[in-house]
There are 2 protein chains.
Amino acid sequence: MSFNLTVALDAMGGDHGIEAVIPGADLALKTMPELKFVIYGDEGKIRPVLARYANLRKRCEVVHTDKAISNDEKPAIALRSGRQSSMRLAINAVKEGRADCIVSSGNTGALMAMAKMVLKCLPGIHRPAIASVLPTISRDTVVLDLGANIVCDTEMLTQFAVLGAVYARVVEGISAPRIGLLNVGTEDMKGGEMLRETAAVLSKVKLPGKFLGFVEGVDITNGRADVIVTDGFTGNVALKTAEGVAKMSEYYMRRAFKSSPFAMLGALLAYRSFKKVKKELDPRYYNGGMFLGLDGICVKSHGGSDHIGFANAIKVAAELAHRGFNDRVAVEIEQLMSQESFFVSDIDEEESV
Amino acid sequence: MSFNLTVALDAMGGDHGIEAVIPGADLALKTMPELKFVIYGDEGKIRPVLARYANLRKRCEVVHTDKAISNDEKPAIALRSGRQSSMRLAINAVKEGRADCIVSSGNTGALMAMAKMVLKCLPGIHRPAIASVLPTISRDTVVLDLGANIVCDTEMLTQFAVLGAVYARVVEGISAPRIGLLNVGTEDMKGGEMLRETAAVLSKVKLPGKFLGFVEGVDITNGRADVIVTDGFTGNVALKTAEGVAKMSEYYMRRAFKSSPFAMLGALLAYRSFKKVKKELDPRYYNGGMFLGLDGICVKSHGGSDHIGFANAIKVAAELAHRGFNDRVAVEIEQLMSQESFFVSDIDEEESV
């Protein structure tokens, strides 16, 4: 597949900044050689690193700015005083058509606030969501929202179901994605009123996938669903809990392998197999928080990720842009909004539409 | 320590019923030989199994009932029509002073509804919570609420912090337990209004522990906190997500060990070390959902657990009863309720107190 695209990069974000962004972009070129980049950041710092990457140098433009958004900057402040920041200029590039997508590993709240303000939502979309792909014991699952919206209502969650299902269709190639709504149990009576109402709406509306009903936390990793929909509070806690348990498992495994000479020898013998598993579950290959529902592709790379993770975030953004994710979303959201059963939750709104 | 206690057992709950309860009670006697049991259930089914356990037979009484609460029974129905059920009779035994605690592996919703109705809350407690002890990379963490209350307010969460801290003090022996409030980030501005208000109250009131502020999902397993407080919806999703990731890790590990002859030999060599780790993290040794805040000790054993898990749930209940958990809670809750800063969230209520 030929990725004839331009990717805008915020070079000033994340724990490793330029040292992850530049090598990451170069690495991305290895699998997507047609990509071009516009790199926003401090040119004096970018050029010396770029000098080491001849291939990338030929395929990128550097736009200088010495303004960066810090990790602890409040989104409202970043919006007001960050107009010349690398993050903002990179987002502007998408808005103004000079790039097809933007990737940043900077402050998530600021990135979302700026992306919302500059790119706006796709027509009909109430609020964007943050989505990520997670590994399971079978094929991957896309989970959303992971933190953009602490409180959600039925219409938002229903739209998230569409966003997730379109992702599974367009990027993962699953024709009828299975969509689950995260709850504390699978029975109809479980959870709060809003969730039960959402399940009722999702059962009624025509979706680009199959609604499974409620799913539980354990279903995030067992492959039961292709799309898992939840509010940003629950999704964020679940994601970080999963991260913590994965770290704990690794910690105990390492300890076991070091606990006796036999185990150490065993570890040596099993080394290749374990390395393969580690790669399969490597969070760097699952890096890329997709901001879905915006009128422009914006992907957040994990702040702590290295160049391998950043290259993956570029791949995620390029896939979304290349496969026309937003065009499909626009069609499906229009289709959703034309259905009467979408509006059961708010009679006033239904009348005014 | 001498556990001179009587434990009421609901023998009719869980996937394995009597086959987990009877061997589980016998196993519990191995470490707590002073325990006595009152076993509620179908005597015709209990006696043949009990015949295999001479030790337990000498230390138990069987009370016959052939009524059982099924797993899909709605709590409201169970309350009305389950008056002669094994679950209800076992709870009654605690209420009437014939037992010091009750253990059941039956329907969680029904058990909570019956326990609340029969035992009532401790004075001052608004709502009981379900708590469980989870492994971390250092010492264990107690997490609550895990599903009793889908929606919580500041006063409930503040009381849960006290319940968890008293548990950590009395059972785990931690003099100043570190208490974290689960959120999507650690900064003060994160999360919804109610959570920020709860953090403000927890910072002001005198607690039987040290309030850390907000913690994240990853902190559930990294040992940063001894007590993690959250609402029952988030706690339930986090717990089941953790369960799912642990299963996935095990799945990938098994696959790695089977993937080549070298890895299989490695697995043989590391077998003992891995068995040790598996035991350290074995969910059966972390079995026992404690219903905290009730005027009587009630512990829920995991429905799918075997006799080892059930024995652990008995141990958890016996510990709570033996160490006078509820007496300590009563003192600490009275102390909490006497503090003006506990009531900031509701001015009307403050005035009426």
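Bear in mind the structure is a predicted one, so any value in this text is a computation, not a measurement.

**So, the overall build of chain A**
Piece 1. Scanning chain A for helices and strands turns up 13 helices and 11 strands.
Piece 2. On C-alpha atoms alone, chain A measures out to a radius of gyration of 21 Å, which is about the 20 Å that the 2.2 N^0.38 rule sets for 353 residues.
Piece 3. Referenced to the eigenvectors of the C-alpha coordinate spread, the extents of chain A come out at roughly 60 × 60 × 40 Å.
Piece 4. Residue burial in chain A is summarised as follows: out of 353 residues, 55% are buried.
Piece 5. Here the contacts in chain A between residues at least 6 apart in sequence split such that 73% fall between residues at least 24 apart.

**Re the domain arrangement of chain A**
Piece 1. Under the domain assignment, chain A is made up of domain 1 (6–120 + 294–322) and domain 2 (129–283 + 332–352).
Piece 2. Measuring from the centre of the C-alpha atoms in domain 1 of chain A to the corresponding centre in domain 2 of chain A gives 26 Å.

**Brief notes about the sheet that holds strand β6 (residues 141–144) of chain B**
Note on sheets: strands pair through backbone hydrogen bonds, and any given pair is parallel or antiparallel.
All names here are of chain B.
Piece 1. Pairing in this open sheet of 11 strands is mixed, and the strands run β3-β2-β1-β4-β11-β10-β5-β6-β9-β7-β8 from one edge to the other. The sheet terminates laterally at β3 (60–64) and β8 (210–215), the two strands that pair on one side only. Averaged over all pairs of adjacent strands, the angle between their axes in this sheet comes to 25 degrees, without regard to strand direction.
Piece 2. Two elements, strand β7 (residues 178–182) and strand β9 (residues 227–229), share three bridges in a ladder whose sense is parallel. When the sheet's bridge partners are listed, Gly180 is paired in β9 with Ile228.

**Digging into the relation of the copies chain A and chain B**
Piece 1. Superposing chain A onto chain B takes a rotation of 180 degrees plus a shift of 0.0 Å along the axis, which leaves an RMSD of 0.0 Å. Here the symmetry operator amounts to a two-fold rotation axis. Residues of chain A ranked by C-alpha distance from the rotation axis are headed by Gly266(A), positioned 1.7 Å from it.
Piece 2. In this assembly the copies share their binding face: 98% of the residues contributing to the interface of chain A also contribute to that of chain B.

**Re the packing of helix α1 (residues 18–31) of chain B against helix α11 (residues 307–322) of chain B**
Geometrically, a packed helix pair is captured by the angle between its two axes and the distance between the axes.
Residue and element names in this part refer to chain B.
Piece 1. Close contact between α1 and α11 brings their axes to 7 Å; oriented N to C, the two are set at 55 degrees. If you check the angle between α1 and α11, you find them oblique. Between α1 and α11 lies a crossing whose hand is right-handed. On α11, the residues that touch Ala20, Val21, Pro23, Gly24, Ala25, Leu27 and Ala28 of α1 are His307, Ile308, Phe310, Ala311, Ile314 and Lys315.
Piece 2. Tallied by class, residues from the contact of α1 with α11 come to 10 nonpolar, two polar and one charged.

**Structural notes on the interface of chain A and chain B**
Piece 1. Facing the 50 residues of chain A at the interface are 50 residues of chain B.
Piece 2. When contributions to the side of chain A that touches chain B are tallied by element, the ones reaching two or more residues are α9 (232–258) and α10 (261–281) of chain A.

**Brief notes about the environment of Val170(A)**
Residues and elements named next belong to chain A.
Piece 1. Looking at the element boundaries, Val170 is found in helix α7 (residues 154–170).
Piece 2. Owing to 21 C-beta atoms within 10 Å, Val170 belongs among the buried residues under this scheme.
Piece 3. On a C-alpha basis, the gap between Val170 and Glu319 in space is 9.2 Å, while along the polypeptide they are 149 residues apart.
Piece 4. For Val170, the contacting residues outside a window of four places in its chain are Arg323, Phe325 and Arg328.

**So, the pairing of strand β5 (residues 129–134) of chain A**
Residue and element names in this part refer to chain A.
Piece 1. For β5, the tally of buried residues reaches five of six residues, placing the bulk of the element in the interior.
Piece 2. As defined by bridge partners, β5 adjoins strand β6 (residues 141–144) across four bridges and the pair is classed as antiparallel. Residue pairing for β6: Ser132 is matched across the bridge by Val143.
Piece 3. As consecutive antiparallel partners, β5 and β6 are separated by six residues.

Scoring rules and cut-offs
- Residues numbered from 1 in each chain as written.
- Chains lettered and ligands numbered in written order.
- Predicted model: local features only at pLDDT ≥ 70, side-chain atom pairs only at ≥ 80, totals over all residues.
- Helix = DSSP H or I, 4+ residues; strand = E, 2+ residues; numbered from the N terminus.
- Rg over C-alpha atoms; globule rule 2.2 N^0.38 Å.
- Buried ≥ 20, exposed ≤ 12 C-beta atoms within 10 Å, placed from the backbone.
- Contact = placed C-beta atoms within 7 Å.
- Domains from an automatic or database assignment.
- Pairing = 2+ DSSP bridges.
- Axes fitted to C-alpha atoms, helices over the stretch in contact; angles between N-to-C directions.
- Least-squares fit on C-alpha atoms with pLDDT ≥ 70 in both.
- Parallel < 35°, antiparallel > 145°, perpendicular 65-115°, else oblique.
- Left-handed = near helix turned anticlockwise from the far one by under 90°.
- Nonpolar A, V, L, I, M, F, W, Y, C, P; charged D, E, K, R; others polar.

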